[in-house]
Amino acid sequence: MKKIPVIAMLLFSSAIFAQGIITGKVIDPELQGGLPGANVTEVGTSNGTITDFDGNFELQVSSESGEIEISYVGYKTQTIPFSLTNGSLDLGEITLETSASALGEVVITGVIDIAKNRETPVAVSTIRAETIQQKLGSQEFPEILNTTPSIYATKQGGGYGDSRVTIRGFDTRNSAVMINGIPINDMENGIVYWSNWAGLSDVAAAIQVQRGLGSSKLAVSSVGGTINIVTRSSLKKEGGFVSAGFGNDGYLKTVASYSTGLLESGLSASALFSRTAGDGYVDGTKFEGFNYFLALGYQINDANSLEFTVTGAPQWHHQRSRASSIETYLQYGEDGEPNIKYNEDWGYLNGEEYSFRKNFYHKPVLSLNWESEFSKTMTLNTSLYASFGRGGGTGEIGEINGQRQFQLPRTSNGLIRVDDIVTYNSGGLVPDFSPTVRQPIDGLYVNAGNGNPNGEDTNGITRRASMNSHNWYGIISNLGIELSETLTLDVGIDLRKYKGYHYRRVNDLLGADAYQETGNLNNPGNPLFFEEYSAGQPWWVFESIDDEEKIDYYNTAYVNWAGVFGQLEYSNGSISAFVQGSLSNQGFAREEFFNVAPPEKTDFENILGGNIKGGVNYNIDENHNVFVNAGYYSKQPLFDAVFINFSNTLNPNLQNEKVIGTEIGYGYTSSKFNANVNLYRTSWADRFASVSETFEFTNPSNPTEVTEIRGVANLLGIKQVHMGLEFDGSYRFNDYFSLRGMLSVGNWEYAGDVRAAYFNDNQEPVSNPYTGEQVDPAVLELDGIKVGDAAQLTASLGAQFNILENLSVDADYRYADNLYAAFEATDIGPEGVIELPSYGLLDAGLSYSLELDFLNNNTIDFRLNVNNVLDETYISESDTNNAVQPGDQTYEGIAVNNRVFFGFGRTWNASVRVNF
């Protein structure tokens, strides 16, 4: 009881010394919204407060004049002088700069659905420009997300841009990826090929990952989540930078950028150009990529503005597209350790690196954003966009003495003998390839497809290019109406039109004179083709493909998309809630030019889908908040599930996939400690898949006679249930030392068994050629089997220590466990799915910034990154599911006949950046 008077006296004395109140709002420069949890203190006193979830603050000060200091981890501390008038002062909006110079940029907002901390009721993580610039280095773009809960990103084969990412166990076919609110998932298969977007790290102002169904108003494939990549805009403040980075295996990257800022005329511009090249960590994976970005803005008047942007990343890179067996890695390793750099897809031609797997692509995206403020309560945002993709990937086609390229004898270190293939193709003798000299046809050495159509001694091997080009146009428009101080309505449209071109062409005859095409029913007579098409840098994307000589297959895909959406949002400061609904009609059509005569285009198959979702967030006080969300999604199947077996055959079992997601979360925010905990459950049902299958039949009358039939297994009724817990948090001990960490524990399983129906290449039920009996549909026992290809348990712990104001070191340790092999349902045996060994990796970095007077007090920034500091050897994924059998050789408990990708060993990169 004696404590009460003491507390009263302290409060009374505080009131005596308080001279007034300062208010204001701290703004995040990258997302152009309030920055919660920023520290606001009166210099020279212990008076302080933190900003609320909107970035607002109210500070009692003890003097009529002085200075306040605003600080936040990752941002430059800002000191502001004040002088009170009538005991109060409103400082208005105060924008903090990120601690890396020249990154305080205004970003495009337009049609982007950016989740706000302590307001939008979804699980969200935001990676800011400073982190991307410092820590990504020579890593693949998705890898910057590896310390985010429920994210698993790998380099896959290790070629430039060949990485992949999953969210809560779902890959990009079922997770949406957007740039400034514009979807970039492939319109046919949903995949995001990161080599097409390798330059995004240079222009990204922030990456926001919304896990689960997310807050996007569009009917996008956000089963696992949504990755929003927010780029800079033309309104970036005046200035620029040049930078150079270098690293292991010949890595070299140069970047130059300049922005005008907003000119008196209302015009603004921002431009960037970069080049990246290197030999690649994996053997035989040379690469070269460029990136360009241009943003042009025009402030028409106070109510209307235009922004035009174009970005693209033309590139070529050699690949390791096929995982080798562990046995093969060991064979070409030393002292019983695997050669994790081994790549079976390349060799030397005339002393130069030559890969049978070369990817080359250019996919520029152009967009025009118009923002119009009709009134203080009504705003229209519209984005017109177009994408033109040109390029493809090479591979081998043809045979030598009945053997494909990967079956031929190799060098002692496992490389392809490309010079010997050229020798054979041009009529020379290679005894261990073929015991006889290749025979010409009418005086020409003619290559052809697989299967030796001209006989074993006449066929040869060609490097072909599988071309996958497209034209894609779209418009997204959102009308926002403030119905009241607490209620906002959004309605809009999402229209898209897509045409994809798929065919093969000859890239390199490898010493032969011509290629003979035998598979085109509309060009009979087995014509000879002499043209060799380049697989170089594909800068020009508007060239017609009509006159190209096409081999093996040729078809086009059409996808039309018409969507509408709406959202009603409520917010009163402590409670925020939303309900969203969207409908989309997807029309699919296919045109076949080779396998049917005459060429045939199907009618459009129109499929209606959509979603409804909603959520509520409650801010209990300035520190605590809770939220809950739920949604239902009727998702149209992907293109290959509409037209099956690589033909115009319409799937007779066509139906929408059903997704139900629920999520509950808790957040804590303070000046020193921030934490989030989420629980989620996602059910994904009625999925269709088609996988290759080979059938062998033995002649009852002659057991030595075996007939092989290749076909497919069409899988019906696949259902997965993904549940899990996520935690992420950070603690700032002081201005010098901070910790961050995350933990995600998932339980991702198949629910129920799956029915499989079997068809041959003619889309007919498979029958025994000797008895005529059909192969009956089968039930595959998948119930309870773990979902593969992504670690179901991930964790990380990181620290940053600011040694000096301009010198800091940081380190992150991340751990992956419960990682299972990728598999098709037809690969599951009685042992289930194999579990790969767990692993942990340590990454570290050092940053130094030097201010230069002769650069008007701008800076030179230095950065050093070392990834996998401890040089851990680990398996990042397995393409096969072969359980250990009695007598099998194993590696780390895994049968060595499994085909896997090892992750990279220790790598390093350093960069220097001059800001002006």
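Residues numbered from 1 in each chain as written. Predicted model: local features only at pLDDT ≥ 70, side-chain atom pairs only at ≥ 80, totals over all residues. Heavy atoms only, no water.

1. Examining the sheet that holds strand 12 (residues 176–179)
No. 1: If you walk across this open sheet you meet the five strands as 9-14-15-12-13, and the pairing is mixed. Here the strands that pair on one side only, and so sit at the sheet edges, are strand 9 (123–128) and strand 13 (182–183).
No. 2: Pairing of strand 9 with strand 14 (residues 204–211), which is carried by six bridges, proceeds in the antiparallel orientation. Paired with A123 across the bridge in strand 14 is R211. (Pairing = 2+ DSSP bridges. Helix = DSSP H or I, 4+ residues; strand = E, 2+ residues; numbered from the N terminus.)

2. Brief notes about the environment of A751
No. 1: Within the element layout of this structure, A751 appears in the loop between strand 43 (737–750) and strand 44 (754–760).
No. 2: For A751, a relative accessible area of 25% translates into the label partly exposed.
No. 3: On a C-alpha basis, the gap between A751 and N459 in space is 48 Å, while along the polypeptide they are 292 residues apart.
No. 4: Residues in contact with A751, not counting those within four places in the same chain, are K719, Q720, V721 and D783. (Buried < 20%, exposed > 50% of the residue type's maximum accessible area, 1.4 Å probe, protein only. Contact = heavy atoms within 4.5 Å.)

3. A word on unusual backbone geometry
No. 1: Omega for the peptide link from A597 to P598 comes to -5°, which places this bond in the cis form.
No. 2: Within the fold, P598 resides in the loop between strand 34 (575–592) and strand 35 (600–601).
No. 3: For D871, which is not a glycine, the phi torsion comes out positive at approximately 55°.
No. 4: Take D871: it is sitting in the loop between strand 51 (858–867) and strand 52 (875–878).

4. So, the pattern of salt bridges
No. 1: Counted according to the given criterion, the structure contains 27 salt bridges.
No. 2: A salt bridge links E592 to R590, with the nearest nitrogen and oxygen atoms 2.9 Å apart. The same class applies to E592 and to R590, which are both buried.
No. 3: What emerges from the salt-bridge pattern is a single network uniting R168, R211, E663 and E726. (Salt bridge = Lys/Arg side-chain N within 4 Å of Asp/Glu carboxyl O.)

5. Let's talk about the pairing of strand 42 (residues 702–732)
No. 1: When strand 41 (residues 673–699) meets strand 42, the two strands line up antiparallel, connected through 24 bridges. Counterpart to R687 in the pairing with strand 42 is I718.
No. 2: Hairpin connection from strand 41 to strand 42: two residues lie between these consecutive antiparallel strands.
No. 3: In this sheet, strand 44 lies alongside strand 42 in antiparallel orientation, the contact comprising six bridges. The residue of strand 44 that forms the bridge with G711 is N760.
No. 4: Two elements, strand 42 and strand 43, share 13 bridges in a ladder whose sense is antiparallel. Within strand 43, the residue paired with Y731 across the bridge is L739.

6. Observations regarding the environment of A38
No. 1: For A38, the position within the fold is in the loop between strand 2 (33–34) and strand 3 (39–42).
No. 2: Residues A38 and K635 lie 597 residues apart in sequence; the distance between their C-alpha atoms is 41 Å.

7. So, the side chain of E548
No. 1: Tracing the chain through its elements places E548 in the loop between strand 32 (528–529) and strand 33 (551–571).
No. 2: Of note is the side chain of E548, whose polar atom sits 2.9 Å from the side chain of Y503.
No. 3: Residue contacts for E548: discarding those within four places in its chain leaves Y503, R505 and Y533. (Polar contact = N/O pair within 3.5 Å; in protein donor to acceptor, adjacent residues only side chain to side chain.)

8. Description of the packing of aromatic side chains
No. 1: Counted by the stated rule, this structure contains 33 aromatic pairs.
No. 2: Here F290 and W539 contribute two aromatic rings whose centre-to-centre distance is 5.3 Å and whose plane-to-plane angle is 50°, an arrangement assigned as tilted. With F290 in strand 19 (residues 287–301) and W539 in the loop between strand 32 and strand 33, this residue pair connects regions lying 249 residues apart in the sequence.
No. 3: Here the aromatic cluster, defined as three or more aromatic residues joined through ring pairs, consists of Y668, F673, Y731, F733 and F737.
No. 4: Seen from the ring of Y554, K550 lies directly overhead, with NZ or CZ sitting 4.8 Å from the centre.
No. 5: Here the guanidinium or amino end of R687 rests over the ring plane of W684, the centre of that ring lying 4.4 Å away. (Phe/Tyr/Trp six-rings, centres within 6.5 Å; stacked < 30°, edge-to-face > 60°. Lys NZ or Arg CZ within 6 Å of the ring centre and 35° of its normal.)

9. Concerning the pairing of strand 21 (residues 315–318)
No. 1: Side chains Q315 and H317 of strand 21 all project onto a buried face; the interleaved residues W316 and H318 project onto the opposite face, where all are buried too.
No. 2: Here strand 19 runs beside strand 21; their pairing, made up of three bridges, is antiparallel. Within strand 21, the position partnered with E288 by the bridge is W316.
No. 3: Sheet topology note: the strand 21/strand 25 (residues 358–362) ladder contains four bridges and is antiparallel. Note that in strand 25 the partner of Q315 across the bridge is Y361.

10. Quick look at empty space enclosed by the protein
No. 1: Here the structure, examined in full by the defined rule, presents 12 cavities of 30 Å³ or more.
No. 2: Of the voids in this model, the largest cavity is the one considered here, and its volume is about 710 Å³.
No. 3: What lines the largest cavity is a set of 50 residues, among which S138, Q139, E140, E143 and K155 lie closest to the centre.
No. 4: The element best represented in the lining of the largest cavity is strand 19, accounting for four residues.
No. 5: Split into classes, the residues belonging to the lining of the largest cavity amount to 18 nonpolar, 24 polar and eight charged. (1 Å grid on protein atoms, 1.4 Å probe; cavity = no way out; pocket = protein on both sides within 12 Å on 5 of 7 lines; lining within 4 Å. Points joined across faces, edges and corners; volume = space filled by probe spheres on them. Nonpolar A, V, L, I, M, F, W, Y, C, P; charged D, E, K, R; others polar.)

11. Remarks on the sheet that holds strand 28 (residues 446–447)
No. 1: Pairing is mixed in the open sheet, where three strands are placed in the order 28-31-32. Only two strands of the sheet have a single neighbouring strand rather than two, namely strand 28 and strand 32.
No. 2: The sheet contact formed by strand 28 and strand 31 (residues 514–516) spans two bridges and is parallel. Paired with V446 across the strands is A514, a residue of strand 31.

12. Side note on helix 5 (residues 418–425)
Since there are 3.6 residues in each turn of an α-helix, residues three or four apart along the chain are aligned in direction.
No. 1: When helix 5 is considered as a whole, its buried residues turn out to be V418, I421, Y424 and N425. The buried side chains of helix 5 occupy one side of the element, clustering within an arc of 120° when seen end-on.
No. 2: Among the structural elements, strand 23 (346–349), strand 24 (352–355), strand 28 and strand 29 (461–482) are those in contact with the buried residues of helix 5.
No. 3: One or two positions beyond helix 5, positive phi appears at G427, with a value near 100°. (Arc of directions from axis to C-beta.)

13. Some words on the confidence of the model for the protein
No. 1: Per-chain confidence: the protein averages 89 in pLDDT, with 93% of residues scoring 70 or above.
No. 2: When pLDDT is averaged over each helix and strand of the protein, the minimum, 42, is found for helix 1 (residues 3–17) and the maximum, 98, for strand 24.
No. 3: This model gives residues 1–17 a pLDDT under 50, and the stretch forms three contacts once residues within four places in sequence are excluded.
No. 4: This model gives residues 99–109 a pLDDT under 50, and the stretch forms 50 contacts once residues within four places in sequence are excluded. (pLDDT = per-residue confidence, 0-100.)

14. Some details on the nonpolar core
No. 1: Counting residues in hydrophobic clusters, the biggest one holds 52 residues, and the most contacted among them are L715 and L782.
No. 2: Looking at this core, the elements with two or more residues in it are helix 4 (326–331), strand 41, strand 42, strand 43, strand 44, strand 48 (819–820), strand 50 (839–852) and strand 55 (899–902).
No. 3: A total of five residues in this core trace back to one element, the largest contributor, which is strand 41.
No. 4: Not counting residues within four places of it along the chain, the set of residues in contact with L782 comprises Y750, G752, D753, V754, F823, A825 and I828.
No. 5: The next biggest cluster of nonpolar side chains, apart from the first, holds 29 residues, and it includes V177, W197, V255 and A295. (Core = buried A, V, L, I, M, F, W, Y, C linked by side-chain atoms within 4.5 Å.)

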